[in-house]
Every structure is written in C-alpha cells, then in structure tokens.
Amino acid sequence: RRQRQMCIREGSKYFHIVCSDPKPICLFIERELIRDATIVEAKGAFTGNNKFIILTVLSPGQAIKLRSFIKENAPGAFLLISNTSEILGKGFHSV
C-alpha cells in the first residue's frame, strides 16, 4: 500500500459525502488520490434509510477529481465541501 501524503497545504477542502454505498468512493480516494477517509454510519431524517457519511480532506486539485468521480459514479450522493483554515491530528500538524 502506497504511503499517504502527509501534508496538505493551506486551502484544503474538507468533504462530508452522504451516500448509500461508500465503497466505490472510498476506493477512489484511497487508490487514485492516495488519501484516506473515515466512514460514519447515519440514518436519513426524512426517509429513515441507512446512509453513510465519508469524511476526508483533499487538496483543491484532488477535490476537483473527487467531484468528477462522484458526479459520474454516485450521482445520488450529497456533498458538503468546506474550505479549511487549520487541520490538526495524525498525518497533519500535531495537536
């Protein structure tokens, strides 16, 4: 397994991706973008359907690639994309 990039510069994009099937999106993040992600189990408030929330931080260039992938492969996904000012923790700046 290739080593993950350890530093993402200022201007990073923080993704919350709500979807029914996280596997293809996470595989793209891991294999194509060489990043990692966290999956959180969730439930739709209106429908009660089981969902997943994928959390990841990407560079602006990686963010464009992920948006394109999701548009083609998971068009029902819901994306929240935020600009980050600071990221602390393993793989980033120490806490």
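Throughout what follows, the structure given in this document is the object of discussion. From a predicted model like this one, the values you see are computed outputs, not experimental measurements. (Residues numbered from 1 in each chain as written. Predicted model: local features only at pLDDT ≥ 70, side-chain atom pairs only at ≥ 80, totals over all residues. Heavy atoms only, no water.)

### Quick notes on unusual backbone geometry
You will see that Ile34, though not glycine, has its phi angle at about 55°, which is positive. Turning to its location among the elements, Ile34 is positioned in the loop between α1 (23–31) and β2 (38–43). (Helix = DSSP H or I, 4+ residues; strand = E, 2+ residues; numbered from the N terminus.)

### Notes on the environment of Glu32
Inspection of the secondary structure assignment puts Glu32 in the loop between α1 and β2. The exposure class of Glu32 is exposed, given its relative accessible area of 55%. (Buried < 20%, exposed > 50% of the residue type's maximum accessible area, 1.4 Å probe, protein only.)

### Things to note about the packing of aromatic side chains
Per the counting criterion, the structure on display carries 1 aromatic pair. Seen in terms of ring centroids, Phe28 and Phe69 are 4.2 Å apart; in terms of plane orientation they differ by 10°. Their pairing is stacked. Residue Phe28 is found in helix α1, and its partner Phe69 is found in helix α2 (residues 60–73); the two are separated by 41 residues along the sequence. With a relative accessible area of 15%, Phe28 lands in the buried category. Accessibility expressed as a relative area gives 17% for Phe69, which makes it buried. (Phe/Tyr/Trp six-rings, centres within 6.5 Å; stacked < 30°, edge-to-face > 60°.)

### Some remarks on the packing of α1 against α2
If you want to describe how two helices pack, look at the angle between their axes and the distance between the axes. Here α1 crosses α2 at 150°, and the two axes come no closer than 11 Å. In terms of orientation, α1 and α2 fall into the roughly antiparallel class. Two packed elements cross with a definite hand, and for α1 against α2 that hand is right-handed. Of the residues in α2, those touching α1 at Pro24, Ile25, Phe28 and Ile29 are Lys65, Leu66, Phe69 and Ile70. For the contact of α1 with α2, the class distribution of residues is 7 nonpolar, no polar and 1 charged. (Axes fitted to C-alpha atoms, helices over the stretch in contact; angles between N-to-C directions. Parallel < 35°, antiparallel > 145°, perpendicular 65-115°, else oblique. Left-handed = near helix turned anticlockwise from the far one by under 90°. Contact = heavy atoms within 4.5 Å. Nonpolar A, V, L, I, M, F, W, Y, C, P; charged D, E, K, R; others polar.)

### Quick word on the pairing of strand β1 (residues 13–19)
Across 7 bridges, β1 lies against strand β3 (residues 50–58) in antiparallel orientation. Counterpart to Tyr14 in the pairing with β3 is Val57. Pairing of β1 with strand β4 (residues 78–83), which is carried by 6 bridges, proceeds in the antiparallel orientation. Residue pairing across strands places His16 opposite Leu80, the latter belonging to β4. (Pairing = 2+ DSSP bridges.)

### Observations regarding the environment of Val57
Relative to the assigned elements, Val57 resides in strand β3. Under the relative-accessibility criterion, Val57 is labelled buried at 13%. Between the alpha carbons of Val57 and Phe15 there is a distance of 6.2 Å; along the sequence they are 42 residues apart.

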